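# Observations on the model geometry
Each chain is listed here by its residues.
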Amino acid sequence: MTYPVPTGARRFLEEVLGAGIPPRDATLGEVVSRVPPSRLPPHPLVSTDPEQRVRHALGQSLPDWIAARSGNIPAFPDGVAFPVTNEEVRELIRYAQSVGARLIPYGGGTSVVGHLGVMPGSAPVLSVDLGRMNRLLHLDARSCLATFGAGVRGPDLEACLRARGFTLGHFPQSFEYSTLGGWVATRSAGQQSLGYGRIEDLFAGGRLEAPAGTLILPPFPASAAGPDLRQVVLGSEGRLGILTEVTVRIRPLPEAEEFAAVFFPHLEQGIAAVREMVQSAVPLSMLRLSTPAETATSLALAGHERLIRLLERWLALRGAGPGKCMLILGASGTRARVRQALRQALAIARFHRGVYAGRRFGHEWVKHRFRSPYLRNTLWEMGYAVDTLETAGTWTQVPRLIEAIELALRHGLEDEGEKVYAFTHLSHVYPHGSNVYTTYLYRLSPDPEENLRRWRVLKSAASRAIVACGGTISHQHGVGTDHLQYLEAEKGALGIDLLRALCRTLDPGGIMNPGKLVWQEVGQ
Ligand SMILES: Cc1cc2nc3c(=O)[nH]c(=O)nc-3n(C[C@H](O)[C@H](O)[C@H](O)COP(=O)(O)OP(=O)(O)OC[C@H]3O[C@@H](n4cnc5c(N)ncnc54)[C@H](O)[C@@H]3O)c2cc1C
C-alpha cells in the first residue's frame, strides 16, 4: 500500500528539514546472495532457505528498517521452522537443546524495539514462526472466552470472532500483521484500549512451551492463589518460552460505534478535558489528543487543501487558532450508551473551550487507522527517516515528558547542522496518567551507517529525557534490545535479578531469544 504525500506537505518538509536525498536500496536478490551457509544440522521441521532466513532476520524498528533497506543485515537466523502443533514446538526445543542452538519466537515480525534481531555469536539460531498455529481452538460463548493458536493475526482473529457475533476489540496500529502471541509477549495496547483494555486485561490464560517444561495458565475469572503467573508471561518477549495457545476475553459485537473530533485552542485545555473525561469514567472507547505540531501535520497530510483552509478559518473564529489541538474520541456499545458517552464527553470538552468539529474527521480517522505506517515508505523514498517512541507517566508528569522528549529530539542533531521535526499525541489514557507517543523525522544521508548513528544519537537523547522525567521506558512497544539499558532505572537491581531468575527457571540453558529484555550470560 502507498501513502501519497500531498504537495503542500512535501513543501513543508523541505522547508523544515531541507531537501531529502532518496537513498539507494539493496534488492532482495542482493541480500539473499549475502546469506552465509546455515550452521544448523538438517531437521525435517527446519527450513534453511536463504530467502526465509532473510525474511525472519529483522523486525520493523528504524535500525531494522535501515538494515533491511541498505542490505547491511548484521546476522541471519540459520533456519526457520513453521510448527503446527504443540508437539512440534516441543520437538524444536529438544532439537535446539541437542545442537546448542538459540530460539527466537517470531509472530508477525512487527516489533519496533529490536526483539527479533539475531545476536552475532558462535551458536546457531533458529527462528520459530508461529504463523501456522493460527486457528480458533475453542469458543466458550457463555463465558465470553476464546482460545486461539498464538500465531493468529489480527484480521483473522477478528473475522473469526465477528462471524460468531463477538470481538476482542484489540486494534494496535500494526493490527494487519501482528499476532495474538506477539501482543501478549510485548504487552501491546490497541487503539481502543480505553474501552476494551490493554492486552493484559484481555489475556485470560494460555500455554507456554518452555525449555524447562509446559506452563498452563487456566482462564480463571479471578484468583487469590498467590502471584498471578499470567503477569510472568505478559511482556516476556520470547525469553521464557514459546506461547502456543492464548485464551482471550471477548465481548459481543457493539451495536453502534461513533467517532468525532474536537479542537481545543491550546494543549493545556485539551489535556485538562481528556483527564476529566477519563477520571469521571465517561464510557468512551478511545481518545487521541494531538499536540499543535501533530494537529498541523495531520491537517497537512489530509490533502483537500481548500477544505482544510476553510475549516481552519472557521475554527480560528471560534477561538481555536494556530496553537490548536485536535482530539479524536470514540464510543462503542449500545446506541444509548454511545449517545450518552458522546453527550458527556462533548459537555466536558465545551467546558474546556473545545470546538466540536463533527463526526467526519472521526470517521476519516477510523477509515485510515492502519494506513499511516505506510507513510514511512513514501517518506523514505523522499529521503526522510521517520521513527516513533513512547512512554507513560502520571498526569503530573505528562506535560514535562512531552516537552523534554520533543526538546531532546529537536536539538539532537544540532551539532551536525541537521534538523529534526517532532510531534506528539496522547492515545492511551488512564485515570492516573497517560502514554506520550512522539513521532520524529530527520533527513537521510546516503550512508546507512550515518543514518543509524543519527538514530542512536536521537534515541539515546529521548530515552535519557524519559528516564530523567520519571516515565516508563515503554508504555506499549516493549524492551527488546533498544530499551534494555534503561530497564534497570525503573525495575531496580533487585527487579532485574528477579527477571533473570525467571529466565533461569524456565530456560536454564539460556537458549530463548538471548540479548533481549534483560542481558544474561548463559549459565548465569
Ligand atoms: C506500524 C506499526 C504500528 C504499531 N502499532 C502498535 C500499537 O498500536 N500498539 C502496540 O502495542 N504496538 C504497536 N506496534 C508494535 C508491535 O506491533 C507490537 O509490539 C506487537 O505486539 C508485536 O507483535 P508481533 O506478532 O508482530 O510480534 P513479533 O514482532 O514477531 O515479536 C515481538 C516479540 O514477541 C515475541 N513473540 C512473538 N510471538 C511469540 C509467541 N507466540 N511466544 C513467545 N514469544 C513471542 C518475539 O520473540 C519478540 O520478542 C506497532 C508496530 C508497527 C510496525
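Up top is the structure.
Residues numbered from 1 in each chain as written. Predicted model: local features only at pLDDT ≥ 70, side-chain atom pairs only at ≥ 80, totals over all residues. Heavy atoms only, no water.

## With respect to the side chain of S463
In this fold, S463 is placed in helix α18 (residues 448-468). Here S463 falls in the buried class, since its relative accessible area comes to 2%. Among residues more than four places away in sequence, those in contact with S463 are I473 and Y486. (Helix = DSSP H or I, 4+ residues; strand = E, 2+ residues; numbered from the N terminus. Buried < 20%, exposed > 50% of the residue type's maximum accessible area, 1.4 Å probe, protein only. Contact = heavy atoms within 4.5 Å.)

## Quick look at the environment of L145
Note that L145 resides in strand β6 (residues 145-149). Note: C-alpha distance between L145 and R187 (42 residues apart in sequence) is 19 Å.

## Observations concerning the nonpolar core
Core analysis: the largest hydrophobic core is formed by 94 residues, its most contacted members being M277, L284, L329 and Y442. Not counting chain neighbours up to four residues away, the residues in contact with L329 comprise E258, F259, A260, V262, M277, L284, M286, L287, L342 and A345. Of all hydrophobic cores here, the second largest spans 17 residues; its members include L92, I93, A96 and L103. (Core = buried A, V, L, I, M, F, W, Y, C linked by side-chain atoms within 4.5 Å.)

## Some remarks on the packing of aromatic side chains
Applying the stated criterion to the full structure yields seven aromatic pairs. The interplanar angle of 20 degrees and the centroid separation of 5.1 Å between the aromatic rings of F175 and F370 together place this pair among those described as stacked. Remark: F370 occurs in the loop between α15 (360-367) and α16 (375-382) and F175 occurs in the loop between β7 (166-167) and α7 (180-186); sequence separation between them is 195 residues. On the basis of relative accessibility, which here comes to 18%, the residue F370 falls in the buried class. Ring geometry for Y421 versus F423: centroids 5.5 Å apart, planes at 55 degrees, classification tilted. Judged by relative accessible area, which is 11%, Y421 ranks as buried. On the basis of relative accessibility, which here comes to 9%, the residue F423 falls in the buried class. An aromatic cluster of three or more residues is present, and its members are F12, Y421 and F423. (Phe/Tyr/Trp six-rings, centres within 6.5 Å; stacked < 30°, edge-to-face > 60°.)

## With respect to the environment of M512
Residue position: M512 is located in the segment after α19 (487-506). Not counting residues within four places of it along the chain, the set of residues in contact with M512 comprises L103, P105, P211, G238, R239, L240, G241, I242 and D507.

## Things to note about the pairing of strand β3 (residues 102-106)
In terms of residue burial, β3 counts as a mostly covered element, since five of its five residues are buried. Both faces of β3 are covered, namely the face carrying R102, I104 and Y106 and the face carrying L103 and P105. Where β3 and strand β4 (residues 125-129) come together, five bridges link them in parallel fashion. Following the sheet pairing, P105 is matched in β4 by V128. (Pairing = 2+ DSSP bridges.)

## Examining the sheet that holds β3
Spatial ordering of the open sheet is given by β1-β2-β4-β3, a layout of four strands whose pairing is mixed. Each having just a single partner strand, β1 (46-47) and β3 make up the two edges of the open sheet. Bridging between strand β2 (residues 79-81) and β4 involves three bridges; their strand directions are parallel. What sits directly across from A81, in β4, is V128.

## Considering unusual backbone geometry
Phi at E237 takes a positive value of approximately 55 degrees, unusual for a residue other than glycine. With respect to the secondary-structure elements, E237 resides in the loop between α10 (230-233) and β10 (242-249).

## Description of α18
Between its first and last C-alpha, α18 extends 30 Å over 21 residues, near the 30 Å set by a 1.5 Å rise per residue. All of the buried residues along α18 are E450, N451, L452, R454, W455, L458, K459, A461, A462, S463, A465 and I466. Close packing links the buried residues of α18 with α4 (62-70), β16 (384-394), α17 (398-410), β17 (420-426) and β19 (433-443). Capping of α18 at its N-terminal end is provided by D447; its side-chain oxygen lies 3.0 Å from the backbone amide nitrogen of E449. Positive backbone phi, at 80 degrees, marks G470, one or two positions downstream of α18. (Expected span 1.5 Å × (residues − 1). Polar contact = N/O pair within 3.5 Å; in protein donor to acceptor, adjacent residues only side chain to side chain.)

## Comments concerning the pattern of salt bridges
Applying the stated rule across the entire model yields 25 salt bridges. Taking the shortest distance from any N to any O, the salt bridge between R359 and E258 comes out at 3.4 Å. Remark: E258 occurs in strand β12 (residues 256-264) and R359 occurs in the loop between β15 (355-356) and α15; sequence separation between them is 101 residues. For E258, a relative accessible area of 22% corresponds to the partly exposed category. Between E450 and R453 there is a salt bridge whose closest N-O contact spans 2.9 Å. You can see E450 and its partner R453 sitting in helix α18, three residues apart, about one turn around the helix. Several salt bridges share partner residues, and in doing so they unite E416, E450, R453 and R454 into one network. (Salt bridge = Lys/Arg side-chain N within 4 Å of Asp/Glu carboxyl O.)

## Describing the site of the ligand
In the vicinity of the ligand, 34 residues are found, and the nearest of them are P105, G107, T110, S174 and T179. With respect to the ligand, the side chain of T110 contributes an N or O atom lying 2.6 Å from an oxygen atom. A distance of 2.9 Å is found between a nitrogen atom of the ligand and a backbone nitrogen or oxygen belonging to A189. Burial of the ligand by the surrounding chains reaches 95%, relative to a free accessible area of 970 Å². Among the secondary structure elements, those contributing two or more residues to the shell around the ligand are β3, α7 and β10. Per element, the largest residue contribution to the shell around the ligand is five residues, and it comes from α7. Of the residues in the shell around the ligand, the class split is 13 nonpolar, 20 polar and one charged. (Near = heavy atom within 4 Å. Areas by Shrake-Rupley, 256 points an atom, 1.4 Å probe, with all protein chains shown as cover. Nonpolar A, V, L, I, M, F, W, Y, C, P; charged D, E, K, R; others polar.)

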